[in-house]
Amino acid sequence: MVHDYAGHPFVVSLSQELASRGHEVTHSFASDLLTPRGVLKRSDGDPETLRFREIRMNPNYRRDKYKFVRRRRYECEYGRELEKAIAEIKPDVVLSGQTPSEPQLVAAKACRRMEIAFVTWVQDFYSIAVRKLASKKSSVLGFLAGSYYTRIDRRFFSYSDHIVSISDDFIPILKQYGVPESKVTTIENWGALAGIPLCDKDNPWSRRMGLSNSRVLMYSGTLAMKHNPEPLLDLAKQLEADVSAKIVVIAEGPGADYLSLEVSKRGIGNIIIMPFQPFEDLPNILGTANVFLAMLEPEAGIFSVPSKVLSYLCAGKPTVAAMPEENLSARILVKQGAGIVVPPGDSERFVSAAMELLKNDDRRISMGRKAREYAESRFEIGGVCDRFEAVFRIVSFERSSKGSTPQREAAVLK
């Protein structure tokens, strides 16, 4: 059972590959979340051993996501629904990621009780995020909320048979939560490469949106509390005199709401804001862009690796990112020469970098080629799936024996 609370496209590709290898896979996800999602149903060509299971989330969650008490109640309700699904499916292994702390703990405890192997997939640290966000309102509230969720995180880590981390940066933090390094395997996230072929700028989606002949700077993904939309407004102001340039924002969330309000209030005509689009349109959408944009606030640091950047890499276009330089996505962009990274909050440098790439065809094309080359070298789903299967062999081995040594675990991974 692969449980991806968010329903991201790249996780669907893992479930499809596992099923193609003969595993019976149930791909489960939360209903009613406001986030970019993959195709969460069977498609032509999917193996017969792949099933999809939507797990009920209170439909009011979208409305009340930023109201702490109500959100917590909905997440606890979701945990009970997830527990029911696990009991009904009775899988050999549950791989669960992107999940808030309380439902993750419920799932881990249920698996322990039912003697099902449980693998926690660490995409970020919920307790750290809660503490930082709550501290913006009150330092006392931040301390109390952070301490509460830290205790919960420690508990579900202890109930987990193994931990998959998306970055080696997370290992020292996991140690602080009492997780030994021998219990952790790092598997970096990937883009849904097979689902994002390179597409021409002149395509059905760009023609439908009237963008085939425009130079497009694109932001695609969630605009939440950890994304500052102000640089997009500054960029729009700089591009006012260029009628051929458009900023396309495909997003939902409080940042998108704020951006829409400001665009209307200021009479900005070169920002086009639209809701999340169907995954089937994603290759053409990304093909429409000349330059991609990404933002991440300083407090996100190493704790968030935006999946949008991985999709950008697949699309073969450069990215201008305002994010901490220590972030894994930022390091990839810089090391691979696939984009320009500026400090978050430095709107002047963000605008300058975007303008430079928009004008410099040779550099833009070169960076885009390097982006796609990196994606093709790292995101092939077969190699990714090999590593997850190795983790499943580890937990199966450990459950069928009294224990394993690090040497045995290394042998299994090989």
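No experiment lies behind these values; they were computed from the predicted model shown.

A few words on the side chain of Ser-15. As for its placement among the helices and strands, Ser-15 is situated in helix H1 (residues 9-20). A distance of 2.6 Å separates polar atoms of two side chains, one belonging to Ser-15 and the other to His-27. In this structure Ser-15 touches Val-2, Val-25, His-27 and Leu-50, once residues within four positions along its chain are discounted.

Strand order in the open sheet made by the 7 strands is E3-E2-E1-E4-E5-E6-E7, with parallel pairing throughout. The sheet is open, and its two borders are formed by strand E3 (50-55) and strand E7 (184-186), each paired with just one other strand. Strand-to-strand twist across the sheet, computed as the mean angle between neighbouring axes with direction ignored, equals 20°. As paired elements, strand E1 (residues 2-4) and strand E2 (residues 25-30) share 2 bridges and run parallel to each other. Each bridged residue has a counterpart across the sheet, and for Val-2 the counterpart in E2 is His-27. Sitting on the sheet, H1 is in contact with E1, E2, E3, strand E4 (93-97) and strand E5 (117-122), with an inclination near 165° to E2. With respect to the sheet, helix H3 (residues 68-89) is in contact with E1, E2, E3 and E4, its orientation differing from that of E3 by roughly 150°.

Counting buried positions over the 5 residues of E4 gives 5, a clear majority of the element. Every second residue of E4 is oriented toward a common face, with Val-93, Leu-95 and Gly-97 on one face and Val-94 and Ser-96 on the other, all of them buried. Taken together, the 3 bridges between E1 and E4 define a ladder with parallel strand orientation. Among the inter-strand pairings, His-3 is bridged to a residue of E4, identified as Ser-96. In this sheet, E5 lies alongside E4 in parallel orientation, the contact comprising 5 bridges. What sits directly across from Gly-97, in E5, is Trp-121. The parallel pair E4 and E5 is bridged by helix H4 (residues 101-113), and the resulting crossover is right-handed.

Trp-121, Met-218, Leu-235, Leu-293, Leu-313 and Phe-388 are the most contacted members of the largest nonpolar core, which totals 135 residues. Beyond its immediate stretch of four places on either side in the chain, Met-218 contacts Trp-205, Val-248, Ile-250, Ile-285, Leu-286, Thr-288, Ala-289, Val-291, Phe-292, Leu-293 and Tyr-312.

Read across the sheet, 6 strands follow the order E10-E9-E8-E11-E12-E13 without closing on themselves; strand pairing throughout is parallel. Either end of the sheet is taken by a strand with one partner, and the two such strands are strand E10 (271-274) and strand E13 (339-342). Put simply, the sheet's adjacent strands are angled 20° from each other on average, direction ignored. Here 4 bridges tie strand E11 (residues 291-295) to strand E12 (residues 319-322), and the two strands are oriented parallel to one another.

Rules used throughout
- For every chain, the first residue of the written sequence is number 1, and numbering continues from 1 along that sequence.
- Given that the model is predicted, a residue must reach a pLDDT of at least 70 before its local features are reported, and side-chain atom pairs must reach 80 or more before they are shown or counted; all residues, however, enter totals for whole chains, interfaces and linings.
- Side-chain descriptors were evaluated using all non-hydrogen atoms of the structure, hydrogens and water having been removed beforehand.
- Numbering of helices and strands starts at the N terminus; helices are DSSP runs of H or I of at least 4 residues and strands are runs of E of at least 2.
- Between N or O atoms, a polar contact is any pair within 3.5 Å; within protein, one atom must be a potential hydrogen donor and the other a potential acceptor, and residues adjacent in sequence are included only when both atoms are from side chains.
- Throughout, a residue-residue contact means that at least one pair of heavy atoms, one from each residue, lies within 4.5 Å.
- A pair of strands is considered paired only if DSSP assigns at least 2 bridges between the two.
- Axes, fitted as lines to C-alpha atoms, cover a helix only where it is in contact. Angles between the N-to-C directions of the axes lie from 0 to 180 degrees.
- Exposure is judged per residue with a 1.4 Å probe applied to protein chains only, and the accessible area is read against the type maximum: over 50% gives exposed, under 20% gives buried, and values in between give partly exposed.
- The definition of a right-handed crossover adopted here requires that, viewed with the strands pointing away, the path from the first strand over the helix to the second runs clockwise.
- Residues belong to a common nonpolar core when they are buried Ala, Val, Leu, Ile, Met, Phe, Trp, Tyr or Cys residues joined through side-chain atoms within 4.5 Å.

Geometric descriptors of this kind do not, in isolation, establish any biological role.
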